[in-house]
Structure formats: C-alpha cells, structure tokens
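Structural characterization, general
Okay, here's what each chain looks like letter by letter:
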Amino acid sequence: MNDWDERAARRAEDRERRAQERVAAAVARTEQRAVEREAGARRREEARTARRVEEEQRRATLAEERDARPRRRQSTGGLARTGERTVERDTRHYATDKDPARIRMLAARGATPAALAAVFGISVAEVEAVLAAD
C-alpha cells in the first residue's frame, strides 16, 4: 500500500467516524427533545391542575359569600317603575258570561260538559242542552 492509499483509507475512516458522530448527536438531540417535551407536558398539566383547584376554591368562596349576604327584595318591573304594588283582585264572585257560543267553542276545544258546568256554575243538563241546540 502506498502513501496515497493510506491517506484515502484514513479519510474514509474519518468520514465514517464523523458520520457516526453526527448520527449519535442527532439521536442525542432527539432524546433530549423528547425529555424536554415530556417535562413541558408535565409542567403544563401541573399548572392546569393548580388553576383548576384555584378556580374551584374561588367559586366556593364566592358561593359562600353569596349565601352569606342578606337577600335583597327583588321587585317586579312595575313596582320599580311606579312604586305601587299590583292589586290582587278577588274574582270568586264574578259572574261568568254564559254565552252559548262560548260554551260550544270550549266544548269543541275538548272541554267536558261536567267541566263546563263547573266553570259556568250551571248544571250539566243545561250545558248538554246548549250543546244539543246545535
């Protein structure tokens, strides 16, 4: 083997060694990135858990404060505008209009003669007479 062949063999060995070093460095970088990604994911999950716990505590505190506050009287819109309460009228003794057309319309909608008699304060026979007059 001459000098040229020895140098070519050394260059080939050096190329092979550098190629192996590059492969080893690339593998090391890939493994390092995987470790860093895993650590980052773990940190993010811990931060997410901490935020969730903090949010739950904050909501529980707000709920306790809300329950501890004295209740405000909630007024209706009319009371807030006018300052006057609405009058609840006693309608027990109002006379119901016993219009035969109205009785027929309610019966057509499905009201029973017994129900119509109770509502209008008349007998079932009167309701049936009105319905039979059709």
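Position numbers for residues start from 1 in each chain and track the written sequence from start to end. Owing to the predicted nature of the model, reporting of local features is limited to residues with pLDDT of at least 70; listing and counting of side-chain atom pairs is limited to 80 or more, with chain, interface and lining totals taken over all residues. To get the side-chain values, take all heavy atoms of the structure and skip hydrogens and water.

Take the overall build of the protein next. Comment: elements are numbered from the N terminus, with helices defined as DSSP H or I runs of at least four residues and strands as E runs of at least two. On a plain count of helices and strands, the protein comes out with five helices and zero strands. Of the regular secondary structure in the protein, the N- to C-terminal order runs α-α-α-α-α. C-alpha atoms define the radius of gyration, and 2.2 Å times the number of residues to the power 0.38 defines the globule rule. Its C-alpha atoms give the protein a radius of gyration of 46 Å, clearly above 14 Å, the size a compact globule of 134 residues would have. By its C-alpha atoms, the protein is 135 × 50 × 25 Å across when sized along the principal axes. Type-normalised accessible area, obtained with a 1.4 Å probe on protein chains alone, sets the label of each residue: buried when under 20%, exposed when over 50%, and partly exposed for intermediate values. Expressed as a percentage of its 134 residues, the buried residues of the protein come to 7%. Look at the contacts in the protein between residues 6 or more apart in sequence, and 31% of them connect residues 24 or more apart. Every residue pair with non-hydrogen atoms within 4.5 Å of one another is taken to be in contact.

Further remarks concern the pattern of salt bridges. Note on definitions: salt bridges are taken to be side-chain nitrogens of Lys or Arg within 4 Å of carboxyl oxygens of Asp or Glu. Inspection of every chain in the model, using the stated rule, returns six salt bridges. A salt bridge links R7 to D3; its shortest N-O distance comes to 3.9 Å. With R7 and D3 both in helix 1 (residues 3-68) and four residues apart, this pair spans about one turn of that helix. Under the relative-accessibility criterion, D3 is labelled partly exposed at 49%. Residues participating in the shared-partner salt-bridge network are D14, R17 and E21.

Looking at the secondary structure, you find R85 in the loop between helix 2 (77-82) and helix 3 (100-108). Judged by its relative accessible area of 62%, R85 is exposed. In this structure, the C-alpha to C-alpha distance between R85 and S123, residues 38 residues apart in sequence, is 39 Å.

What follows concerns helix 4 (residues 113-120). Every buried residue of helix 4 is accounted for by L116, A117 and F120. All buried residues of helix 4 lie within an arc of 100 degrees about the axis, which places them on one face of the element. Those residues of helix 4 that are exposed and angled more than 90 degrees off the buried face are A118 and V119. In the core, the buried residues of helix 4 are packed alongside helix 3 and helix 5 (124-132). Two residues or fewer after helix 4 comes G121, characterised by a positive phi angle close to 70 degrees. Arc, as used here, means the arc of the directions from the helix axis to the C-beta atoms.

What follows deals with the confidence of the model for the protein. Of the residues in the protein, 90% have a pLDDT of 70 or more, and the chain-wide mean is 87. Each residue carries a pLDDT score, the predictor's confidence in it, ranging from 0 to 100. Mean pLDDT values for the elements of the protein range from 69 in helix 2 up to 93 in helix 1.

Here the focus is a positive patch on the surface. Excluding any residue in a salt bridge, patches collect residues exceeding 30% relative accessible area, merging like charges within 9 Å and nonpolar Val, Leu, Ile, Met, Phe, Trp and Tyr side chains within 5 Å. Working definition of accessibility: Shrake-Rupley area with a 1.4 Å probe, residue cover restricted to the visible protein chains. Only four residue types enter the tally: Lys and Arg on the positive side, Asp and Glu on the negative side, with His and both chain ends excluded. Charged groups are reduced to one reference atom each: NZ for lysine, CZ for arginine, CG for aspartic acid, CD for glutamic acid. A cluster of like positive charges, contributed by R10, R11, R15, R18 and R22, occupies part of the molecular surface. Among the structural elements, R15 can be located in helix 1. Overall, R15 belongs to the partly exposed group, its relative accessible area being 47%.

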